[in-house]
Amino acid sequence: MYRSVTLMGYRVTGSKFLTVCLGFTFVMGCFLASLPITPGQPNRLISTKHHSKKKLAILVPFRDRFEELLEFVPHMHNFLTKQNIPYHIFIIQQKDSNRFNRASLINVGFLHTKKDYDYIAMHDVDLLPMNNDLKYDYPKDCIYHISSPQTHPKYHYETFIGGILLIKREDFDLVNGMSNNYWGWGLEDDEFYVRLRDAGLKVRRPDNISTGPENTFKHIHDKTYRKRDMRKCYNQREVTRRRDRVTGIHDVKYNIHSTHNVTIDSLPVTVINVELICNKTATPWCQCPEPAKVKKP
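Keep in mind it's a predicted model, so treat the numbers as computed, not measured. (Residues numbered from 1 in each chain as written. Predicted model: local features only at pLDDT ≥ 70, side-chain atom pairs only at ≥ 80, totals over all residues. Heavy atoms only, no water.)

For helix α3 (residues 102-113), spanning 12 residues, the distance from its first C-alpha to its last is 17 Å, which sits close to the expected 16 Å at 1.5 Å a residue. Most of α3 is tucked away, with 10 of its 12 residues classed as buried. (Helix = DSSP H or I, 4+ residues; strand = E, 2+ residues; numbered from the N terminus. Expected span 1.5 Å × (residues − 1). Buried < 20%, exposed > 50% of the residue type's maximum accessible area, 1.4 Å probe, protein only.)

Attention shifts here to the sheet that holds strand β12 (residues 267-276). Spatial strand order, β9-β7-β8-β5-β3-β4-β12-β11: eight strands in an open sheet with mixed pairing. Two strands bound the open sheet, and with one partner strand each, they are β9 (203-204) and β11 (254-264). Pairing geometry for strand β7 (residues 143-145) and strand β8 (residues 164-168), over two bridges, is antiparallel. Looking at the pairing, His145 lines up with Leu165 of β8. (Pairing = 2+ DSSP bridges.)

Glancing now at the pairing of β11. In terms of strand pairing, β11 meets β12 through 10 bridges, oriented antiparallel. Paired with His260 across the strands is Val271, a residue of β12. Following β11, the chain reverses through two residues before pairing antiparallel with β12; Asp265 in that reversal takes a positive phi of roughly 50 degrees.

For the structure on display, the rule yields 19 salt bridges. Of the charged contacts in the structure, one is a salt bridge between Asp141 and Arg204, with a shortest N-O distance of 3.7 Å. Of the two residues, Asp141 is situated in the loop between β6 (127-129) and β7 and Arg204 in strand β9; the sequence distance between them amounts to 63 residues. Using a relative accessible area of 53% as the deciding quantity, one classes Asp141 as exposed. (Salt bridge = Lys/Arg side-chain N within 4 Å of Asp/Glu carboxyl O.)

With respect to the secondary-structure elements, Glu191 resides in helix α5 (residues 188-198). In this structure Glu191 touches Ser179, Tyr182, Arg242, Arg243 and Asp244, once residues within four positions along its chain are discounted. (Contact = heavy atoms within 4.5 Å.)

In protein chemistry, a disulfide is the covalent bond that joins the sulfur atoms of two cysteines. Under the defined criterion, the tally for this structure stands at one disulfide. The side chain of Cys278 participates in a disulfide bridge whose partner is Cys286; the two sulfur atoms lie 2.1 Å from each other. Since a negative S-S torsion denotes a left-handed disulfide, the Cys278-Cys286 link at about -90 degrees is left-handed. For the pair formed by Cys278 and Cys286, the shared burial category is buried. (Disulfide = S-S within 2.5 Å.)

Here we come to the side chain of His88. Considering the arrangement of structural elements, one finds His88 in strand β4 (residues 87-94). According to the relative accessible area criterion, His88 is buried, its value standing at 1%. Within the structure, His88 has its side chain in polar contact with the side chain of Thr270 (distance 2.8 Å). (Polar contact = N/O pair within 3.5 Å; in protein donor to acceptor, adjacent residues only side chain to side chain.)

So, about the confidence of the model for the protein chain. Confidence along the protein chain averages 85 in pLDDT terms, with 79% of residues attaining 70 or more. The low-confidence segment residues 35-43, where pLDDT is below 50, has one contact with residues more than four positions distant or belonging to other chains. (pLDDT = per-residue confidence, 0-100.)

A complete count under the given rule lists eight aromatic pairs for this structure. Judged by centre distance (5.8 Å) and plane angle (70 degrees), the ring pair of Phe79 and Tyr136 falls under edge-to-face. Highlighted residues: Phe79 in helix α2 (residues 66-81) and Tyr136 in the loop between β6 and β7, separated in sequence by 57 residues. By relative accessible area, Tyr136 is classed as buried at 0%. Ring geometry for Tyr157 and Phe160: centres 5.6 Å apart, planes at 70 degrees, overall edge-to-face. The exposure class of Tyr157 is partly exposed, given its relative accessible area of 35%. Judged by relative accessible area, Phe160 falls into the buried class, the value being 5%. Taken together through their ring pairs, the aromatic side chains of Tyr155, Tyr157, Phe160 and Trp185 make up a single cluster. Its guanidinium or amino end placed over the ring of Tyr138, Lys54 lies 5.3 Å from that ring's centre, counting from NZ or CZ. (Phe/Tyr/Trp six-rings, centres within 6.5 Å; stacked < 30°, edge-to-face > 60°. Lys NZ or Arg CZ within 6 Å of the ring centre and 35° of its normal.)

Following this line, the structure appears as structure tokens:
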């Protein structure tokens, strides 16, 4: 025989009370299941065992090279995890109609990261380190050029400092970053080398590397698919052959359209979409006229 209980002034049997309880539990369960699950904000910095290490911002100047990026991110994660480097990758993507300006994008990336990171890697997306003796540690007393002329797959002149270059925050500030005059491909690194030299900053390179130009790096640039913009127009050739003592991080003109924290193979990456603003009086070659098409007879 079921006992009866009084519920909100009504007398109900135990069996009915049990039915009411089960029904209420079912309704609440459905309600809780329908609530959205809000994940916590991901930690952009890849954690390592050594939290006291200096933090590295990898700055990748970028435009329309998605296939290379898909290979770059997991490769760099595996490579830097072995060295316990606290790092984060920033893709500085140019989103405007001007010619590509690698140096200005690096300037923008530096300004965006300088408060939170101790040093930067100016890093080409198509150059992957393969030799584990190439170290990405904090360059305390020098500028550290990882892709040296002795090991780079393509460029071998002594003053070459392109590809992958590590520089601490204070030194990049000291030389006013990179020149903003270089629209199109090439020469911005050569001008930066002169800035470093004039400031008395030493450039060092890896020692005792047993590999050479063929196997120290993997170069994934497809020159047949992505042709370099080597056009010269107006007085570009004359101006870009000289040391630029005017432009740098203090006067780079840009708008940030958007910033996205994304993942590639579950690895966090920050994409910064940047519109570079060209001073067409100073650098009209930011938009070279297209060469006239020759009509076939």
